[in-house]
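# An overview of the molecular structure
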Amino acid sequence: MFQINENYVKLQGSYLFSTIASKVAAYAAANPRREILRLGIGDVTLPLAPAVIKAMHDAVDEMARQETFRGYAPEHGYDFLREAISRVDYRSRGADVDPDEIFISDGAKSDSGNIGDIFGLQNRIAVCDPVYPVYLDTNVMGGRTGCMNPADGRYEGVIYLPCTEENGFVPQLPEEAPDIIYLCFPNNPTGMTIQKAELQKWVDYALEHGSVIIYDAAYEAYIREDGIAHTIYECAGAKKCAIELRSFSKNAGFTGTRLGFTVVPRELRCGDISLNDLWERRQSTKFNGAPYIVQRAGEAVYSEEGRRQTKEQVDYYMRNAACILDGLKSAGYTVYGGVNAPYIWMKTPGNMTSWEFFDHLLEEAAVVGTPGSGFGPAGEHFFRLTAFGSYENTKAAVERICKL
Ligand code: PLP
């Protein structure tokens, strides 16, 4: 008789978005004439930039001709894209990342889960609380955690790094050293980020304790302020202890097109084993490369026109973020994030729980957001609003919240 991977049974049901959907559907049925404004979506809404579309069309035409047709892509990605990334994302920022340290993929979600394949099951992981759930759930699936303790909503064996108002949503260095540390800045869901000098402390800590940092920089394009690292490789020594995940989803609207990459530096070693070699082996065995058409689209993001056009899109979302932030602040709410990220982390008024505030907002203002407690116990009494809608809807939603 076959057996299943028992670790999957330890996973908690992902009720967050399904509960939101059913509550919104019930409200819509009861209030058919009320327009519901959604500030809960984590997906982009603007169409792909013209430079990206042109590159895709050209690549489609290439696929139609015998002389230019392409079959399987290299598992680690085409050199034209790896070289563009190395030049624009890294070398231009003084970070010495070579094309052969860059592995193109179908997105940061898969990579953030798959990266666990190259690490032993006995490693102790640390995650922020609240957190993008993929890091934790994939480690549960892999067997690197115990069961969830219903009393505190935490998995046994995991080191949680609370991100709270008190610490400015930047976790403190843990006393007990983890083997694998997941960090994400700018952060989903808090919308907060970390100063380069603070990030350097994490790198120094990882080097001192023999830990590896898995650094998710999916929202790098939203950084506006100085003093914030755009890549962890701006920190001295990071190539010896950090893997970086990147995505084309939020900087260029590829959520449905699918493209991302992971940097595994050659200097990152465990004894005499290179993690770059292990990841190359993992990808070439389990992955057959991102599509040529999509990689050409990704290359266009790095062209002069592509950079200008995608920046305009990010600016559009950040105008929404400013509208939410300023509007709620002026109405007396306590709000965080939204300056270097498309997420606003709002403290619920009157000590309401995240779900109580969700219901209140839906019933009284027909506005939808995401309860912070859905991202981890430390997210309780917070609420996530996103800047990915249209400006008109964002403005209207803020006006409604301010009138509550
Ligand atoms: N990492 C973080 C922190 C995210 O918030 C998201 C998506 O919301 C992803 C990764 C997923 O990126 P991708 O679309 O490239 O899979």
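Keep in mind that what you see is a predicted model, and the values were worked out from it rather than measured.

A few words on the pairing of strand 2 (residues 102-105). Residues of strand 2 alternate between two faces, with Ile-102 and Ile-104 on one and Phe-103 and Ser-105 on the opposite face, all of them buried. In terms of strand pairing, strand 2 meets strand 10 (residues 260-263) through four bridges, oriented antiparallel. Each bridged residue has a counterpart across the sheet, and for Ser-105 the counterpart in strand 10 is Gly-260.

Here the focus is helix 11 (residues 304-330). Counted at 1.5 Å a residue, the expected span for helix 11 with its 27 residues is 39 Å, and the 38 Å between its end C-alpha atoms agrees. If you check which residues of helix 11 are buried, you get Gly-306, Thr-310, Gln-313, Val-314, Tyr-317, Met-318, Asn-320, Ala-321, Ile-324, Leu-325 and Leu-328.

Here we take up the nonpolar core. What tends to happen in soluble globular proteins is that the nonpolar side chains get buried as a cluster. Grouped together as the largest cluster of nonpolar side chains are 115 residues, with contacts concentrated most on Val-127, Val-203, Ile-213 and Ile-232. Counting residues per element, this core draws most heavily on helix 11, at seven residues. Mapped onto the domain boundaries, this core takes at least three residues apiece from domain 1 (6-47 + 305-402) and domain 2 (53-303). Excluding residues that lie within four positions of it along the chain, Val-203 makes contacts with Ile-213, Ile-232, Cys-235, Gly-237, Ala-238, Cys-241 and Ala-242.

All right, on to the sheet that holds strand 14 (residues 343-347) then. With respect to topology, four strands assemble into an open sheet ordered 13-14-17-16, the strand pairing being antiparallel. In this open sheet, the two strands that pair with only one neighbour each are strand 13 (335-337) and strand 16 (370-371). Of the pairings in the sheet, the one linking strand 13 to strand 14 comprises three bridges and is antiparallel in character. Bridged to Tyr-336 within strand 14 is Trp-345. Against the sheet, helix 11 makes contact with strand 13, strand 14 and strand 17 (382-386), and its axis sits at roughly 15° relative to strand 14, the strand it touches most.

Now for the domain arrangement of the protein chain. Its domain assignment divides the protein chain into domain 1 (6-47 + 305-402) and domain 2 (53-303). Between domain 1 and domain 2, the C-alpha centre-to-centre distance is 25 Å. Contact residues are listed per partner, giving 32 residues for domain 1 and 41 residues for domain 2. Elements supplying a minimum of two residues to the side of domain 1 that touches domain 2: helix 1 (7-10), helix 11, strand 13 and strand 14. Split into classes, the residues belonging to the side of domain 1 that touches domain 2 amount to 16 nonpolar, 11 polar and five charged.

Right, let's get into the site of the ligand. Lining the immediate surroundings of the ligand are 13 residues, of which Gly-107, Lys-109, Asn-188, Ser-247 and Ser-249 lie closest. Class assignment for the residues of the shell around the ligand results in four nonpolar, seven polar and two charged.

The sheet built from seven strands is open, its strands ordered 2-10-9-8-7-3-6 with mixed pairing. Two strands lie at the open edges of the sheet, namely strand 2 and strand 6 (159-162), each paired on one side alone. Across the sheet, the mean angle from the axis of one strand to that of its neighbour is 20°, orientation sign disregarded. In this sheet, strand 9 (residues 242-247) lies alongside strand 8 (residues 212-216) in parallel orientation, the contact comprising four bridges. When the bridges of strand 9 are listed, Ile-213 appears paired with Ala-242.

All right, on to unusual backbone geometry then. Along the chain, Asp-129 connects to Pro-130 via a cis peptide bond; the corresponding omega equals 5°. Position of Pro-130 among the secondary structure elements: in the loop between strand 3 (125-129) and helix 6 (134-142). A cis amide bond links Asn-188 with the next residue in sequence, Pro-189, at an omega value of 15°. As for its position among the elements, Pro-189 is in the loop between strand 7 (180-184) and helix 7 (196-209). Phi at Asn-351 takes a positive value of approximately 60°, unusual for a residue other than glycine. Relative to the helices and strands, Asn-351 is located in the loop between strand 14 and helix 12 (354-365). Within the chain, Ala-366 stands out as a residue other than glycine whose phi angle is a positive 55°. With respect to the element layout, Ala-366 can be found in the loop between helix 12 and strand 15 (367-368).

With their axes 10 Å apart at the nearest point, helix 11 and helix 13 (residues 391-403) run at an angle of 10° to one another. In terms of orientation, helix 11 and helix 13 fall into the roughly parallel class. Contacts from Arg-319, Asn-320, Cys-323, Ile-324, Gly-327 and Leu-328 in helix 11 reach Tyr-391, Thr-394, Lys-395, Val-398, Ile-401 and Cys-402 in helix 13. Class assignment for the residues of the contact of helix 11 with helix 13 results in seven nonpolar, three polar and two charged.

Quick reminder: α-helices carry 3.6 residues per turn. Residues three or four places apart thus point the same way. With 14 residues, helix 3 (residues 50-63) should cover 20 Å at 1.5 Å per step; its first-to-last C-alpha distance of 20 Å lies within 8% of that length. Among the residues of helix 3, Ala-51, Val-52, Ala-55 and Ala-59 are the ones counted as buried. The buried residues of helix 3 occupy an angular sector of 100° when projected down its axis, which confines them to one face. Exposed residues on helix 3 whose side chains face more than 90 degrees from its buried face are Pro-50, Val-60 and Asp-61. Turning to helix 3, the residues buried within the fold contact helix 8 (249-252), helix 10 (292-301) and helix 11.

Rules used in this analysis
Residues numbered from 1 in each chain as written. Predicted model: local features only at pLDDT ≥ 70, side-chain atom pairs only at ≥ 80, totals over all residues. Buried ≥ 20, exposed ≤ 12 C-beta atoms within 10 Å, placed from the backbone. Helix = DSSP H or I, 4+ residues; strand = E, 2+ residues; numbered from the N terminus. Pairing = 2+ DSSP bridges. Expected span 1.5 Å × (residues − 1). Core = buried A, V, L, I, M, F, W, Y, C linked by C-beta atoms within 7 Å. Domains from an automatic or database assignment. Contact = placed C-beta atoms within 7 Å. Axes fitted to C-alpha atoms, helices over the stretch in contact; angles between N-to-C directions. Nonpolar A, V, L, I, M, F, W, Y, C, P; charged D, E, K, R; others polar. Near = placed C-beta within 6 Å. Parallel < 35°, antiparallel > 145°, perpendicular 65-115°, else oblique. Arc of directions from axis to C-beta.

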